[in-house]
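Observations on the three-dimensional arrangement
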Amino acid sequence: MDKIIIKGGNKLSGTIKVSGSKNSSLPILFATLLTDDECKIKNVPVLADIKTTVDFLNFIGKKTTRKANIVNCEKSSKLNHIAPYDLVRKMRASVLVMGPLIARLGKVNVSLPGGCSIGARPIDIHLDAFKKMGAKIELKEGYINVTIDGRLKGADIEFRFASVGATENVLLASVLAKGTTRIINAAKEPEIQDLADVLIKMGAKISGAGTKIITVEGVEKLHGFTHNVIADRIEAATYMIAALMTKGEIILTGVIPEHLQIVIDKLIEAGSDIKINNDTIIVKWKKDLKPINIRTEIYPGFPTDIQAQWMALMCLVKGNSIVEETVFENRFLHVCELQRLGANLKIEGNLVYIQGVKELSGAPVMVSDLRAGAALVLAGLCAKGKTEISRIYHLDRGYEALEKKFRKLGANIKRIKG
């Protein structure tokens, strides 16, 4: 297995172009199943999850190719309604195949996605929505069989919590349904808006994306599209934190600052120097930061996907702070690894109490999930001595050219092939 080796202590400075959003690219790729026309998606990050999705689409019957940051989907052969375990187990977002295939074929047979290192992430909320739209659900031998006689029917669907995946799946299904669908308590993330923009380009009738209630008027048929994926707000925030942890200055280009407002506000509250100019954010360390508490919430609250990186930052800030996790029930697996590097952390339920230390020390650590891995990289960039990070395949799922970008900024970081 590959490892990342970091010799910490270098101040990071320079300019980085933020990659396209993984969390936007995935549902947009699955949206191509809704048409036989050619679709071109630009600004797609080169990541393991994107490769998995391209392979998945080809298995389903789409002729899908990727060249650098552009993915082309051409006319389908006969679409396959079966999504086997060997494909679904690699990526939970594979459940997004359900919405478009039910809409197009009237049936889908998809493996249960299984558990996740950061929480159970149940999909019953997806299935309940499909039931309300007239689908029949059967669970058998580890597979979900969803069928519908004729077309899905529009319905009022109210989620018990604002699930991003369920909002995306219902959007993908309802655009070809008969009648009107209202998604109540919908997720409001920028990635939902990006997916809706693509579906509208395809001919869908959608209003309210980005708000609590999304209304969809079903249409008979959709067509192809060309689209530029929005910038990855989580990657951008990770590099912003890296600038402060290494007492450097990083210029981020191709950003959408409003998608990062809560993170920017918290960093300014902590004492960082941040300047914004259109699609550019400049983050500069000027003085020692203050400890700031955060509580993760659904958008537009503080992102759970930045919780681990924020914790790494607070580990080196003099004083005491608290991180409260409210989105996932098991997202503190990075705590013990940060402790190995010398962090002073204590878990109590869904809270982590942080007492800042003067410095971290390099040590062998292991990645438990994508964002935990980012936190360990950030900590390693500041730690005294050598940090060896294993199980970095998690990082390859969500950070494009991570070592290359950090080296460009002055980090002593390299990948060792295993």
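Our subject is the structure that appears above.
Residues numbered from 1 in each chain as written. Predicted model: local features only at pLDDT ≥ 70, side-chain atom pairs only at ≥ 80, totals over all residues. Heavy atoms only, no water.

Glancing now at the packing of helix α4 (residues 98-105) against helix α6 (residues 164-174). At a minimum axis separation of 7 Å, α4 and α6 run at an interaxial angle of 15°. On the basis of the axis angle, α4 is roughly parallel to α6. In this structure, α4 crosses over α6, and the sense of that crossing is right-handed. Taken together, the residues of α6 that come into contact with α4 (itself represented by M98, G99, P100 and A103) are N169, L172 and A173. (Axes fitted to C-alpha atoms, helices over the stretch in contact; angles between N-to-C directions. Helix = DSSP H or I, 4+ residues; strand = E, 2+ residues; numbered from the N terminus. Parallel < 35°, antiparallel > 145°, perpendicular 65-115°, else oblique. Left-handed = near helix turned anticlockwise from the far one by under 90°. Contact = heavy atoms within 4.5 Å.)

In this section: the pattern of salt bridges. Here the structure, examined in full by the defined rule, presents 24 salt bridges. The partner of K51 in a salt bridge is D55, with the nearest N and O atoms 2.9 Å apart. Here the residue K51 and the residue D55 both occupy positions in helix α2 (residues 48-60), the gap between them amounting to 4 residues, near one helical turn. Several salt bridges converge on common partners, so that one network encompasses D2, D396, E403, R415 and K417. (Salt bridge = Lys/Arg side-chain N within 4 Å of Asp/Glu carboxyl O.)

So, on to the side chain of H259. By the secondary structure assignment, H259 is in the loop between β15 (249-253) and α9 (261-270). The residues contacting H259, other than those within four sequence positions of it, are P190, I230, R233 and Y299.

Our next topic: the sheet that holds strand β17 (residues 280-284). Across the sheet, which stays open at both edges, the 4 strands sit in the order β2-β15-β17-β16 with mixed pairing between neighbours. Of all the strands in the sheet, just β2 (13-17) and β16 (273-277) have a single pairing partner and so form its edges. In this sheet, neighbouring strand axes are inclined to one another by 15° on average, regardless of whether the strands run parallel or antiparallel. Strand contacts of helix α8 (residues 233-245): β15, β16 and β17, with the helix running at about 165° to β15, the strand carrying the most contacts. (Pairing = 2+ DSSP bridges.)

Time to look at the packing of helix α1 (residues 22-31) against α2. Here α1 crosses α2 at 5°, and the two axes come no closer than 10 Å. In terms of orientation, α1 lies roughly parallel with respect to α2. Residues K22, S25, L26, L29 and F30 of α1 form the contact with α2, whose own contacting residues are D49, I50, T53, F56 and L57. Partitioning the contact of α1 with α2 into residue classes produces 6 nonpolar, 2 polar and 2 charged. (Nonpolar A, V, L, I, M, F, W, Y, C, P; charged D, E, K, R; others polar.)

Turning our eyes to something else, we now look at the sheet that holds strand β10 (residues 156-158). The mixed open sheet is built from 4 strands, whose spatial order is β10-β11-β13-β12. The open sheet has two edge strands with one neighbour each: β10 and β12 (205-207). Ignoring strand direction, the axes of neighbouring strands in this sheet form an average angle of 15°. Sheet topology note: the strand β11 (residues 180-184)/strand β13 (residues 213-217) ladder contains 5 bridges and is antiparallel. Bridging across to β13, R182 finds its partner in T215.

Given 3.6 residues to a turn, an α-helix orients residues that are three or four positions apart in the same direction. If you check helix α7 (residues 190-201), its first and last C-alpha atoms are 17 Å apart, about what 12 residues at 1.5 Å a residue would give, namely 16 Å. Regarding α7, the residues found buried are P190, E191, I192, D194, L195, A196, V198 and L199. Buried-residue contacts for α7 involve α1, α6, β12, β13, β14 (225-228) and α8. G203 lies just past α7 and shows a positive phi near 110°. (Expected span 1.5 Å × (residues − 1). Buried < 20%, exposed > 50% of the residue type's maximum accessible area, 1.4 Å probe, protein only.)

This part covers the environment of F161. Structurally, F161 can be placed in the loop between β10 and α6. Sequence separation between F161 and F30 is 131 residues, and the spatial gap between their C-alpha atoms is 23 Å. In this view, F161 contacts I125 and N185; residues no more than four positions away in its chain are not counted.

Take the pairing of β13 next. Only one face of β13 is covered, namely the one carrying I214 and V216; the face carrying I213, T215 and E217 has none of its residues buried. Where β12 meets β13, 3 bridges bridge the pair, whose relative direction is antiparallel. Considered in β13, the bridge of S207 is made with T215. As consecutive antiparallel partners, β12 and β13 are separated by 5 residues, and within that stretch G208 has a phi angle of approximately 90°, a positive value.

With that out of the way, let us pick up unusual backbone geometry. A cis amide bond links Y299 to the next residue, P300, at an omega of 15°. Tracing the backbone shows P300 in the loop between β18 (294-295) and α10 (307-314). Despite not being glycine, N43 has its phi angle at roughly 60°, a positive value. On the basis of relative accessible area, N43 is assigned to the partly exposed category, the value being 22%. One non-glycine residue with positive phi stands out, namely E141, at about 50°. With respect to the helices and strands, E141 occurs in the loop between β8 (136-140) and β9 (143-147). A residue is classified by how much of its surface remains accessible, and E141, at 75% relative accessible area, is exposed.

By themselves, these are just geometric observations and shouldn't be taken as functional.
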